[in-house]
Amino acid sequence: MQSNKTGVWVIGALGSLGTTIVAGTRGIARGLSASTGLLTERPELAPLELPALQDLVFGGHDVRRGDLVTAAHDIHRQNGSLGYQLLQELESDLSNISREIRPGTAQGGGDAIEGLAEVPAAHASSRELVESLVRDLEEFRTRHSLARLIVVNLSSTEPPTDWTDAYRDRDALEAALDSTPPGTLRPGLLYTYAAFRAGAAYLNFTPSNSSLCPATESLAAEQQVPFMGNDGKTGETLVKSALAPMFKYRGLTVDSWMGYNLLGNRDGEVLAREENRQSKVESKDSVLSSILGYPLHSHVGIDYVPSLEDRKVAWDFIHFRGFLDYRMSMQFTWHGCDSILAAPVVLDLVRFADVALKRNESGPLLHLASFFKSPVHCEEHDLHAQFHRLTDYLSDSSHGSSSDPKAKH
């Protein structure tokens, strides 16, 4: 008998963010932690019938060996964002969920990502590899009698993919899966393909542009499943997308906006490679000109600082003109813990995706654009305008117009 539980399959399950999401969800569900930062805990969202946190069942893929108990204690030692008492209470939960983590793939992700892999490759072809990913998802669904399944990509940032190549077309992608060895196609592409094949909603929280592309979106349309992405907006870019409209609203001209980012953890280690960093820079740098409506001198710097661990620091300098073209400046510094900022956003998106699955909504969930730096199929980057998409969706829901099971978004 099928339960009303929702499966959350995390790609990069043993990373700092994946571990924090699992520990935080279980902590809140058991009354051990506050739900601060979760938009979906606001009472006005109750009519959406969001899934209860205790009804989320976790599993995932990772290319490293280990378990969630060890990963969580590593986070505690490094920056204390997961408290020792909480981890003591959750040890059994984390140990049980660790049994649901399967070997993933890093092949084709570039030298930096492939260098993280501790699980040996064991597949003769791309087709064999992707079928094993699909099988992991389907067995997870069956094992827990899941009503719905959501795949969340939290893996390391891949180098950019040029979608003018042969794999833009769905038929060409299918042919490539049959004819090429593992490592030919990006991991993000294979994970997305597997998710849609398994009938799961898909959430790409990474900047990797291999995930949501014409080839995979064609499969999503065939399977009639929803998706969202790209690149979760949690720190400096969140501030940019909220602050830049202020200059536009007041008629102030921004001449230069310089941003410098320092970060640690494995994300920072991977982004220290130029080919991987380019994906992140493109995602972060596209926001300003889109909001302001004109080109400006801008820079996004990203540097790896190992001692920061899971923390990140950003400094932004804004040079702008006011009345009589008089030049003025503004600057701000952002200090944050990467996983603590991102975890509630991922959980909010998972719960919204669950609602979409219940309603048979499919395609890009445009009302969730405010959660991403590069929202798929949405050119609007103004945080306020993006958020209105969500409030409009919620307003429609409260009046029942989105309850039609044939509604598509």
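On to the sheet that holds strand S9 (residues 311-321), then. Reading across from one edge, S8-S7-S9-S10 is the order of the 4 strands in this open sheet, with mixed pairing throughout. One side of each edge strand has no neighbouring strand; the edge strands of this open sheet are strand S8 (297-304) and strand S10 (327-337). For this sheet the average axis-to-axis angle between neighbouring strands, irrespective of direction, equals 10°. Of the pairings in the sheet, the one linking strand S7 (residues 253-263) to S8 comprises 8 bridges and is parallel in character.

Our next topic: the environment of Thr391. One can find Thr391 in helix H14 (residues 383-398). Judged by relative accessible area, Thr391 falls into the partly exposed class, the value being 29%. Along the chain, Thr391 and Gly104 lie 287 residues apart, while their C-alpha atoms are 37 Å from each other.

Taken together, 7 strands build an open sheet; the order of strands is S3-S2-S1-S4-S5-S6-S11 and the sheet is parallel. Strand pairing shows two members of the sheet lacking a second neighbour, strand S3 (101-103) and strand S11 (363-364), which therefore form its edges. Running over the sheet, helix H7 (residues 187-197) touches strand S1 (6-11), strand S2 (56-62), strand S4 (148-153), strand S5 (201-204) and strand S6 (226-228) and is turned about 155° from S5.

We now examine the packing of H7 against helix H8 (residues 214-223). In the contact formed by H7 and H8, the axes pass within 9 Å of each other and the chain directions differ by 10°. As far as their axial angle goes, H8 and H7 are roughly parallel. The residues of H8 that touch H7, namely those facing Leu189, Thr192, Tyr193, Phe196 and Arg197, are Thr216, Leu219, Ala220 and Gln223. Partitioning the contact of H7 with H8 into residue classes produces 5 nonpolar, 3 polar and 1 charged.

It is worth spelling out the packing of aromatic side chains at this point. The final tally for this structure, using the stated rule, is 8 aromatic pairs. A centroid spacing of 6.1 Å and a plane angle of 70° characterise the contact between Phe247 and Trp257, whose relative ring orientation is edge-to-face. With Phe247 in helix H9 (residues 236-249) and Trp257 in strand S7, this pair connects stretches of sequence that are 10 residues apart. Here Phe247 and Trp257 have matching classes, each one buried.

An ideal rise of 1.5 Å per residue puts 20 Å on 14 residues; helix H1 (residues 16-29) measures up with 20 Å between its terminal C-alpha atoms. With 11 of 14 residues buried, H1 is to be regarded as a mostly interior element. Among the residues of H1, Ser16, Leu17, Gly18, Thr19, Thr20, Ile21, Val22, Ala23, Thr25, Arg26 and Gly27 are the ones counted as buried. Where the residues of H1 are buried, they touch S1, S2, helix H2 (68-79), helix H3 (84-98) and helix H13 (338-358).

Time to look at the packing of H1 against H3. Axis separation between H1 and H3 bottoms out at 10 Å; the angle between their running directions is 115°. Compared by their axis directions, H1 and H3 come out roughly perpendicular. At the point where H1 passes H3, the crossing takes the right-handed sense. Residues Val22, Ala23, Arg26 and Gly27 of H1 form the contact with H3, whose own contacting residues are Leu86, Leu90, Asp93, Leu94 and Ile97.

So, on to the pairing of S10. Relative to S10, S9 is paired through 11 bridges, and the arrangement is antiparallel. Each bridged residue has a counterpart across the sheet, and for His319 the counterpart in S10 is Ser329. Taking the residues between adjacent antiparallel strands as the criterion, S9 and S10 are bridged by 5 residues, where Leu324 takes a positive phi near 60°.

A full pass over the atoms with the stated rule returns 25 salt bridges. Residue Glu131 is joined to Arg197 by a salt bridge in which the shortest nitrogen-to-oxygen separation is 2.9 Å. Placement of Glu131 in helix H5 (residues 126-143) and of Arg197 in helix H7 is noted, with a sequence separation of 66 residues between them. A relative accessible area of 24% means that Glu131 is categorised as partly exposed. By relative accessible area, Arg197 is classed as partly exposed at 28%. Because the salt bridges share partners, they merge into one network encompassing Arg127, Glu131, Arg170, Glu174, Asp178, Arg197 and Glu222.

Cut-off values and rules
- Residues numbered from 1 in each chain as written.
- Predicted model: local features only at pLDDT ≥ 70, side-chain atom pairs only at ≥ 80, totals over all residues.
- Heavy atoms only, no water.
- Pairing = 2+ DSSP bridges.
- Helix = DSSP H or I, 4+ residues; strand = E, 2+ residues; numbered from the N terminus.
- Axes fitted to C-alpha atoms, helices over the stretch in contact; angles between N-to-C directions.
- Buried < 20%, exposed > 50% of the residue type's maximum accessible area, 1.4 Å probe, protein only.
- Contact = heavy atoms within 4.5 Å.
- Parallel < 35°, antiparallel > 145°, perpendicular 65-115°, else oblique.
- Nonpolar A, V, L, I, M, F, W, Y, C, P; charged D, E, K, R; others polar.
- Phe/Tyr/Trp six-rings, centres within 6.5 Å; stacked < 30°, edge-to-face > 60°.
- Expected span 1.5 Å × (residues − 1).
- Left-handed = near helix turned anticlockwise from the far one by under 90°.
- Salt bridge = Lys/Arg side-chain N within 4 Å of Asp/Glu carboxyl O.

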